[in-house]
Structure formats: structure tokens, C-alpha cells
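# Understanding the architecture of this molecule
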Amino acid sequence: MGKAFIFGDNVDTDSIVPGRYLSVSDPQELAKVCMEGYQLGFISKITAGDIFIAGKNFGCGSSREHAPVSIKAAGVACVIAQSFARIFFRNAINIGLPVVESDAAIKDIEQGNVVVVDFEQGRIVNLTKLQSYSFAPYPPEIKAIIDCGGLVAYVQTHQIKI
Amino acid sequence: MGMTITEKILAFHAGKRYVEAGELVTAKLDGVMFNDISGPLAIIEYEKMNYQNVFDKERIYIVLDHFTPNANIKAAAQCRLLRRFARDKQIKHFYDVGLMGIEHALLPEQGLIAPGELVIGGDSHTCTYGALGAFSTGVGSTDLAAGMALGKLWFKIPASIKFSYQGKLSPFVTGKDLILYTIGKIGVDGALYKTMEFTGEAIQQLTMDSRFTMCNMAIEAGAKNGIVPPDQETERYFAQHNYCNRQALFYQSDADAKYSEIFEWEVSSLEPQIAMPHSPGNVKDVGEVGTISIDQAIIGSCTNGRLEDLRAAAKLLQGKKVHPYVRTIIIPATQSIYRQAIKEGLVDIFVEAGCAVSTPTCGPCFGGHMGVLAEGERAVSTTNRNFIGRMGHPASEVYLASPLVAAASAITGKITHPQEVR
């Protein structure tokens, strides 16, 4: 559960983690610069459990996994968008950052609304407006990765052989 | 129902006779590429997976091209990690400073990409290799780790959009202008999750260098991959570069293949294009922009650092000087391009004109090093992105254009149509 931050369309990965910070791999270091290209010092506004709400094509641009790693390490519980850039989407699933597509939630949720996402039921609940919005379940192949907590754990759990 | 080139490549690698858009498949990989940004994270994740060996030592390509030659101490540590990994795992195709070139120019040049292959890379511009009729796409570090361990990965079969360009391009109009025009038309999410298949008379007339430029920027429209149907030009290029004795498979889309959209454009009267800040989709004719003075011009990158690009720039710069207020940085994309540029006298023309010529690096394109912008500064650049803060300070601006427009602008000090300095 947390407060919603509203972003527009086409938030690019340079806004999430600017290129100058890419010589770092440590999640905690990357958390410090989360959304730094969007607004300097943005991290100071985030509390654990907060939710990002965005328009179309969230995470467009580079393949840098540093972007979802930074968002996750900053404590953001979920990114809800109208659509995601495909590399960002894969990366988020692979590292265990929840990402959900929902037009209804995007239209209704406002800055600062308190939101909780129920992944089992496939529902987003807006506690401020007392509204809920459903979202489509993931395909089973992708849900299996999510259920393991990410691709590394999935590969370990399933002991996939070449 | 027939299949597109992209569907055929993915079906083959998934061991299936037929696939269609939307289907999820697990497909074998012919190559896994990463660099000094995506690589360190990939190695950390790879080690957690507990695999002793990579799936194939000859099919992992490591290129240290982003923060290199090492821009700072942190970058140096990242590169050291990759160097140790490459030695430890006996990675055959490891490119360090001195051998290194910008990955998406380097791999095809070294014969590491064959038509019909399926390649993933830890860089969004991995889609460049579609110019050779291969399927290639960018992934993040954890996918790289799994790809390196397993030699396979899951893919959703993308729907394809067909672009058909008719007519003959006018002088001063290049592959860069065609792709900028296309992104301007369909928007930065116009091909989201999809394939951009580039066809038509104007594409058949393009050199491989220009085709690489077009496929390189497919990601700027959100595409999963860009692809050009292989033809004689593809065969010629591949035969010339097949140093690794790769087997090529030249796929063509079936006549009854399914496309989610088809665009047909007559491009004979197309003008040189430019993407204004801060989106590759914010495209105009160069002649329409008015007076925009610039502080820096960059000619290089995985988009436009190939020989054809340097020759085009040199043609305009020969016997001229760049504007005294414009830092002009020219970056040949690979060592062999650099060497050829020296042999042909291009480097001499550049230095004589007052340009800096650098060893290959991605540095300035992503605001890493070698040409970072200060607050309020403007650059015209042959690179692929102009997001806020891309090349440095959040209040700097990047204008994306062809090498001809960048060179013309470097001479006049403002954004300029190449015919004005001819």
C-alpha cells in the first residue's frame, strides 16, 4: 500500500536512471538516483510501498536493467501503466518488480491517492476514492517467472538444463 | 496463412513449422552480446544461476564500448570485471580498447552475425542486425544471464508492420532521414512490441550502411526488431565479412504473410529530416526549423559511425573549417573504419577542418563522456536519442540528424540543410 505518483506518456529510461550513473550496479546506489533525470532529488519523495502510475510506453529507450532495479530498490511496490516499452517490461518481470497494465486505473487514480495492488485477485484498489480496477492475468509462462520472484530464481528452481 | 521473415526465423529457432503473432515460444540463440553497462549486472545474475559454463564460448560477444577508454574509476572497475570474466570463461570474441568498436557496427563487420540468425544483446540498439535479415533484439541483464547459461530464451512472436518506400531518394537524403521520417509519422510507440519490416524500391537501393542505420532506430518507435528482406546487397556484404564461416539462411516473407499494418510512402521528394528535442518522434524537415545555433556536432555512434557516414561528412567538410563556436567530434565506429578513414584521407580532412577525431566509443551519445553538454547547450548529433538530459545537463538539447546535416551545421554554426554548404 502506498501513495500514487502520476507520470505522463513515454517516460524514458534516461529519466529513470540517467546515463551518467550507469557505471554502478549496486541496487542501493541506483535507488539513490531513481527518477533523477525526471526530477533532481526525486528519491526523497518516495516511501516504501508507493506506486508509480504512468501513461503509454513507460520505460522506453535503453535496455538498462538499472532502471527497474532502481525503482524496485527505491521501495516502489508496483508500476501501473497504460503500456510498457517491451525491454523494460521483460526486465521488470525478470527482476521481480511488479508491472501491471490497466487503462481504467490510469484514468481514475490521482496524485497522492492511496493505492494497493492485489495480485492474486488481479485488482487495483484505490483506498482514497474507494474504487477498484481489474487487470488481465499474465500468461502462464510469465506468471511462472513472477511466482518464483524473478528469472534467476526461476532458472534455479527449475534447474533448466541446456 | 504465410509467415513473415521474423516469424520464420523465430519458428526455425523454436523448432516449429509455424508460429503466429502473440504466441510465446522458447527459442535457441545464435549469439548473446553485452557491453560494459549491461555486462556487469548480467555477470552478477549469471553467477547466481550456478552454471559452470556458458552455453557456447564462441557465441558470447563482449564489447567494452560505452564508458571506454575508461571514463572514471567506477567504469574502470566495471570493465575489469568483464575482462576477468572473459578470460575465466575463455570467451573467444572479447573486444577491449584497441580492438573494440561500437558493438552494433563491430559485430556485423567481424562476421559474427549471419542472415537468419537469432541474436540477443544487452543494448536496445541490438535491433541493428535486422539489416542483414537476422532477428535481433535488445534485452536486459537478467535475460542476458539466462541466455548465456541456457542458450535459449522465451519470446513473444511480434506482429509485423510493413513499410514500403517507393521512389528514388534525392541527393542529401539518407537512410537516417528515412527512419526519422518514419518515426515522426508513427510516433515513439507506433511499433510497440512489433516488427518493422522495411521494404520497397528505396530500400533496395540503400547500401548496407544505411540499412543498419534504419534498423538501428526501430527501437525508437518501440519496435522489438527491424528487418530488411535480404537481397544481393545483403549477400555481397555477408560474403565479404563471413570470417567465422557462418551458415546464412536468407528468409523472405510469404506473399500471404499477415501484417498488422502496411504503410506505403512515396519518398522521392523527401527532404533531410531532423528530430527536435526531446523526442526522436519530434521530426521536421531541416529546412523548416528556422535559425537554431549549436555548440557541438557529433558524427558517429552505432547509428551513423560507418564509413559511408564519414565519407558523406568529409565531402562537405573538405577544404572548409568548422564554425569557431562549434566543437565537432567525429567518432569512427570501429578500428577498421578508423583505419580506412585514415587511408582515404578522411581523417586528414576532418583535422584540417578543425574537428576532433576520437577512438571508437559510445561516450557522448548517452552523456557518458567525450562530449557531455553543459546547461543550455545545444548539439546536432547523428546519434539515436534526444531525451531530456541524454547528452548531459537536463537543460541541454540534442537534435538528431544525418551526417550530412551534422557536417553542414558544424560549418555554419546553426542547423543547416547540406545543400547550403555544398
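Residues numbered from 1 in each chain as written. Chains lettered and ligands numbered in written order. Predicted model: local features only at pLDDT ≥ 70, side-chain atom pairs only at ≥ 80, totals over all residues. Heavy atoms only, no water.

So, on to empty space enclosed by the protein. Using a probe with the size of a water molecule, rolled over the atoms, empty space left in the structure can be pinpointed. By the definition in use, this model includes three cavities of 30 Å³ or more. Taken as a whole, the largest cavity holds about 250 Å³ of empty space. Lining the largest cavity are 23 residues, and of these Ser-62 of chain A together with His-66, Asp-123, His-125 and Arg-390 of chain B lie nearest its centre. Listed by contribution, the elements that provide at least two residues to the lining of the largest cavity are helix H4 (103–109) and helix H10 (301–304) of chain B. Of the residues assigned to the lining of the largest cavity, the class counts are seven nonpolar, 11 polar and five charged. Inspection of the lining of the largest cavity shows a minimum of three residues originating in each of domain 1 (5–264) and domain 2 (274–420) of chain B. (1 Å grid on protein atoms, 1.4 Å probe; cavity = no way out; pocket = protein on both sides within 12 Å on 5 of 7 lines; lining within 4 Å. Points joined across faces, edges and corners; volume = space filled by probe spheres on them. Helix = DSSP H or I, 4+ residues; strand = E, 2+ residues; numbered from the N terminus. Nonpolar A, V, L, I, M, F, W, Y, C, P; charged D, E, K, R; others polar. Domains from an automatic or database assignment.)

A few words on the interface of chain A and chain B. Interface size is commonly expressed as the accessible area that is lost once the parts come together. Each side of the interface is counted separately: chain A has 41 residues, and chain B has 45 residues. In total, about 3,800 Å² of surface goes out of reach between chain A and chain B, with carbon and sulfur atoms giving 59% of it. Applying the counting rule to chain A against chain B returns three salt bridges. Lys-56 of chain A is paired through a salt bridge with Asp-189 of chain B; the nearest N and O atoms lie 3.7 Å apart. Our count for the chain A to chain B interface comes out at 17 residue pairs in polar contact (both at pLDDT 80 or more). At the level of elements, helix H4 (86–95), helix H6 (140–148) and helix H7 (151–158) of chain A are the ones that each hand at least two residues to the side of chain A that touches chain B. Broken down by element, the residue count for the side of chain A that touches chain B peaks at six residues, all from H4 of chain A. Classifying every residue of the side of chain A that touches chain B by side-chain character gives 15 nonpolar, 15 polar and 11 charged. (Contact = heavy atoms within 4.5 Å. Buried area = accessible area lost by both parts, 1.4 Å probe. Salt bridge = Lys/Arg side-chain N within 4 Å of Asp/Glu carboxyl O. Polar contact = N/O pair within 3.5 Å; in protein donor to acceptor, adjacent residues only side chain to side chain.)

With an omega of -15°, the peptide bond running from Thr-68 of chain B to Pro-69 of chain B counts as cis. Within the secondary structure, Pro-69 of chain B sits in the loop between strand E3 (60–63) and helix H3 (73–88). Pro-277 of chain B connects to His-278 of chain B through a cis peptide bond whose omega is -5°. By secondary structure assignment, the location of His-278 of chain B is in the loop between strand E12 (273–275) and strand E13 (283–285). Located in the positive-phi region is Met-35 of chain A, a residue other than glycine, with phi close to 65°. Checked against the element boundaries, Met-35 of chain A lands in the loop between helix H2 (27–31) and strand E2 (51–54).

Attention now goes to the side chain of Thr-6 of chain B. Considering the arrangement of structural elements, one finds Thr-6 of chain B in helix H1 (residues 5–14). Not counting the four nearest positions on each side in its chain, Thr-6 of chain B is found in contact with Phe-135, Pro-158, Ser-160, Thr-195, Asn-225 and Ile-227 of chain B.

On to the domain arrangement of chain B, then. Residues and elements named next belong to chain B. Domains assigned within chain B are domain 1 (5–264) and domain 2 (274–420). The C-alpha centroid of domain 2 is placed 24 Å from the C-alpha centroid of domain 1. Residue-level contacts link 37 residues of domain 1 with 39 residues of domain 2. Regarding the contact of domain 1 and domain 2, the summed buried area is about 2,900 Å², with carbon and sulfur atoms giving 62% of it. Looking at the side of domain 1 facing domain 2, the largest losses of area belong to Ile-102, Phe-172 and Lys-176, adding up to 23% of the total buried there. Connecting domain 1 to domain 2 are 22 residue pairs in polar contact (both at pLDDT 80 or more).

With that settled, consider the sheet that holds strand E6 (residues 135–138) of chain B. All names here are of chain B. The strand order across the open sheet built from five strands is E4-E3-E2-E5-E6, with neighbouring strands paired in parallel fashion. Only two strands of the sheet have a single neighbouring strand rather than two, namely strand E4 (93–95) and E6. Averaged over all neighbouring strand pairs, the angle between strand axes comes to 15°, with direction disregarded. For strand E2 (residues 31–35) and strand E5 (residues 118–121), the ladder comprises three bridges, and the chain directions are parallel. Bridge pairing in E5 places Val-32 opposite Ile-120. (Pairing = 2+ DSSP bridges. Axes fitted to C-alpha atoms, helices over the stretch in contact; angles between N-to-C directions.)

A few words on the environment of Ala-353 of chain B. Residue and element names in this part refer to chain B. Tracing the chain through its elements places Ala-353 in helix H13 (residues 346–353). A relative accessible area of 2% places Ala-353 in the buried class. Contacts of Ala-353, omitting those with residues within four sequence positions, involve Leu-317, Lys-320, Lys-321 and Val-322. (Buried < 20%, exposed > 50% of the residue type's maximum accessible area, 1.4 Å probe, protein only.)

Now for the pattern of salt bridges. Under the counting rule described, the total for this entry stands at 23 salt bridges over all chains. For Lys-129 of chain A, the salt bridge is made with Asp-108 of chain A, and the minimal N-O distance between the two is 3.5 Å. A residue pair is termed long-range when its members are at least 10 positions apart, and Lys-129 of chain A in the loop between strand E6 (123–126) and strand E7 (131–134) and Asp-108 of chain A in helix H5 (residues 103–108) qualify at 21 residues. Residue classification places Lys-129 of chain A among the partly exposed positions, given a relative accessible area of 30%. Where Glu-45 of chain B meets Lys-48 of chain B, a salt bridge forms, and the shortest distance between an N and an O atom there is 3.0 Å. A residue pair is termed a helical-turn pair when its members lie 3 or 4 positions apart in one helix, as Glu-45 of chain B and Lys-48 of chain B do in helix H2 (residues 38–48) at three residues. Taking relative accessible area as the criterion, Lys-48 of chain B reaches 41% and is therefore assigned partly exposed. In this structure, a network of salt bridges that share partners links the residues Asp-14 and Arg-64 of chain A together with Arg-390 of chain B.

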